[in-house]
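# Fold and geometry: a report
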Amino acid sequence: MTERKARGAAERRARNERGGTKAPLAEPKGRAAVWTDEGGREERAPERGGKTAGQSAPEASKFIVCAPLRIEARAVRRGLGGAAEVRATGYGLPRAAKHAAMLADHPFGMLAVAGTGGGLTRDLSPGDLVVGTEVSDGTSTTACPSAPLLAGELRRAGLRARAGRVVTVDHLVHGAERDRLASGGALVADLESAPLAAAAGGRPVAVLRAVSDTPQRPLLRPGGLAGGLAALRSLRAAAPVLARWAAAVGPRQVLLAGPRSFCAGVERAIEIVERVLDADGPPVYVRKQIVHNTHVVAALERRGAIFVEELSEVPDGARVVFSAHGVSPAVREEAERRGLATVDATCPLVAKVHAEARRFAAEGYLVALIGHAGHEEVEGTLGEAPQAMALVETAADVARLRPDDQAKVAYLMQTTLAADEASQIADTLVGRFPAARGPGSDDICYATTNRQQAVRAVAAESDLVLVAGSANSSNSVRLVETAQRAGTPAYLIDSPADIQLGWLAGVATIGLTAGASAPPAVVGDIVAALRGLGPVEVSERVITTESIHFSLPKEVRQ
Ligand code: SF4
């Protein structure tokens, strides 16, 4: 490997793991899951939750909710309607510690701590819910990895909920102490959660606190009572969601599809923006989302990229990057007219389709572009020869084509279509125009094809397929459709918070993949969240490996 390639690989690895999330290594089927932490050290997945050694099935499904105050226990009990054993564990740290010791000998499968708490940050309001990602009393910390799942489910239930750190203290906090705890990253403080959560002893645990008071509305001030009542109402409303969380607990197998996640075109596009940011400093303008993924866009925005819809939003004299989906000649001409310095991050495989469109049009063909209306790639490709091209989305559109010469029809495809659907439309077109010419080589790119074959392989073995990707990502949406056509329920999720707990109840095997624009770290986040619901064995189904790498445009080559 050359030094340049080695540096590129190291940079890609760093990008994949950026944000402190963990990225999976390849895990042969049947082996315990192994992950790398941020320092590159190997870490074996802890066994947690579900049935522990010597536990009977009824014990493993027993759900205990600890609510410190009687009034809190009553609110939770009313909302739960008998789905759990709700225990009023007593006010304050000493009583919580005493009750936690009693729980050590008690058989149960999962535990939740639910009560009210003091909001620490100024963006919280009475009645807001905080789901603990971890709870700490300063000496011990209990992680609650399923917090994003629970917080997402609460929000879908119409409640204001956030996931964040919970701190347990031995006295009510006021004024500057709130600010000090908030500056340490905590969202809410309480007097009981840490010892109670620790009593879960590695079984699935959730910590839910409803905010009763905030820095602006302290407890013993006018409005304090109203804040407490708002918190109790939220607790009661949240209780049925806690029951759904408990119903989703269980051991699982996760089958990772390979290949998944970033393709060479996406890697290249992100690297181009990063290199322009490094060279020019912020702000750097990018026309349209560089790739269709919220995490990638947000990460680049944090570094100073500004995403605009049109060049009219770019100031004179600025540098602008064209996205991986490509642009029409009209956009290039506008940039030139305005004297903007441009860097083109169009994927070379999209550029190939543009070149084919120009060639067919120049030879007098009517060019049918099989693709989806409104997608940026389609708009850019159609712009190459608007007078000679027609968009074909369905077989019915083929019947509407009116070429001047029946022998001069050609077709091209958007790079991210579902291969089986696109070839059906192409067959219809060739059926109507037997002399129709297709692209020299497949337009649907290698990354799209490989990911669709891989998701089909895991769908065949799975009860449920999850696809990491953003809603506007064409190739990610096609992966969902591919898995569904294989007969397996499949859903698109941008992050663990999008996983609906109802999807998981009774599901033993989950197929997991990511669209070509979704960062590998999101897959790690999803597996980590699922581990919060019980032991997860991760294995991989690799249908092929990819080694394609595209060179960078001259403007950003060093
Ligand atoms: S999905 Fe295919 S066409 Fe799109 S950026 Fe990736 S390699 Fe290029």
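What counts as what
- Throughout, residues of each chain are indexed from 1 in the direction in which the sequence is written.
- Local features are withheld for residues below a pLDDT of 70 in this predicted model, meaning they are given only at 70 or higher, and side-chain atom pairs are given and counted only at 80 or more; totals for whole chains, interfaces and linings count all residues.
- Side-chain numbers here rest on the full set of heavy atoms in the structure, without hydrogens or water.
- Axis definition: a line fit to C-alpha positions, over the contact stretch in the case of helices; interaxial angles, taken between N-to-C directions, run 0 to 180 degrees.
- Put simply, DSSP H or I for four residues or longer makes a helix, DSSP E for two residues or longer makes a strand, and each gets a number counted from the N terminus.
- Small angles under 35 degrees read as roughly parallel and large ones over 145 as roughly antiparallel, with 65 to 115 read as roughly perpendicular and the rest as oblique.
- In this scheme, a crossing is called left-handed if the near helix is turned counterclockwise away from the far one by less than a right angle; it is called right-handed if the turn is clockwise.
- Here a residue-residue contact requires only that any non-hydrogen atoms of the pair lie within 4.5 Å.
- Residues are grouped as follows: Ala, Val, Leu, Ile, Met, Phe, Trp, Tyr, Cys and Pro are nonpolar; Asp, Glu, Lys and Arg are charged; all remaining types, including Gly, are polar.
- Consider each residue's heavy atoms; a residue with any of them within 4 Å of a molecule or strand counts as near.
- Confidence of the predictor at the level of single residues is captured by pLDDT, which takes values from 0 to 100.

In this section: the packing of helix H5 (residues 147–156) against helix H8 (residues 224–247). Taken N-terminus to C-terminus, the directions of H5 and H8 make an angle of 135°; their axes are 10 Å apart at the nearest point. In this view, H5 runs oblique relative to H8, as classed from their interaxial angle. Crossing hand, H5 versus H8: right-handed. In this structure, H5 uses Leu150, Glu153 and Leu154 to contact H8, whose residues at the interface are Ala238, Val241, Leu242, Arg244 and Trp245. Residue composition of the contact of H5 with H8, by class: six nonpolar, no polar and two charged.

It is worth spelling out the site of the ligand at this point. Surrounding the ligand, one finds Cys263, Gly265, Val266, Cys347, Leu349, Val350, Thr415, Cys445 and Tyr446. Only helix H9 (264–280) and helix H12 (348–362) provide two or more residues apiece to the shell around the ligand. Tallied by class, the residues present in the shell around the ligand amount to seven nonpolar, two polar and no charged.

Okay, the confidence of the model for the protein next. Overall, the prediction assigns the protein a mean pLDDT of 90, with 89% of residues at 70 or greater. Counted against residues more than four places away or in other chains, residues 1–51, with its pLDDT under 50, gives 99 contacts.

What follows deals with unusual backbone geometry. A cis amide bond links Gly258 to the next residue, Pro259, at an omega of 5°. Here Pro259 is to be found in the loop between strand E11 (252–258) and H9. For the peptide bond that leads from Pro282 to Pro283, omega is -5°, which places it in the cis range. Here Pro283 shows up in the loop between H9 and strand E12 (284–287). Unlike most non-glycine residues, Ser261 shows phi in positive territory, near 70°. Among the secondary structure elements, Ser261 is positioned in the loop between E11 and H9. A positive phi angle, near 70°, is found at Lys288, a position not held by glycine.

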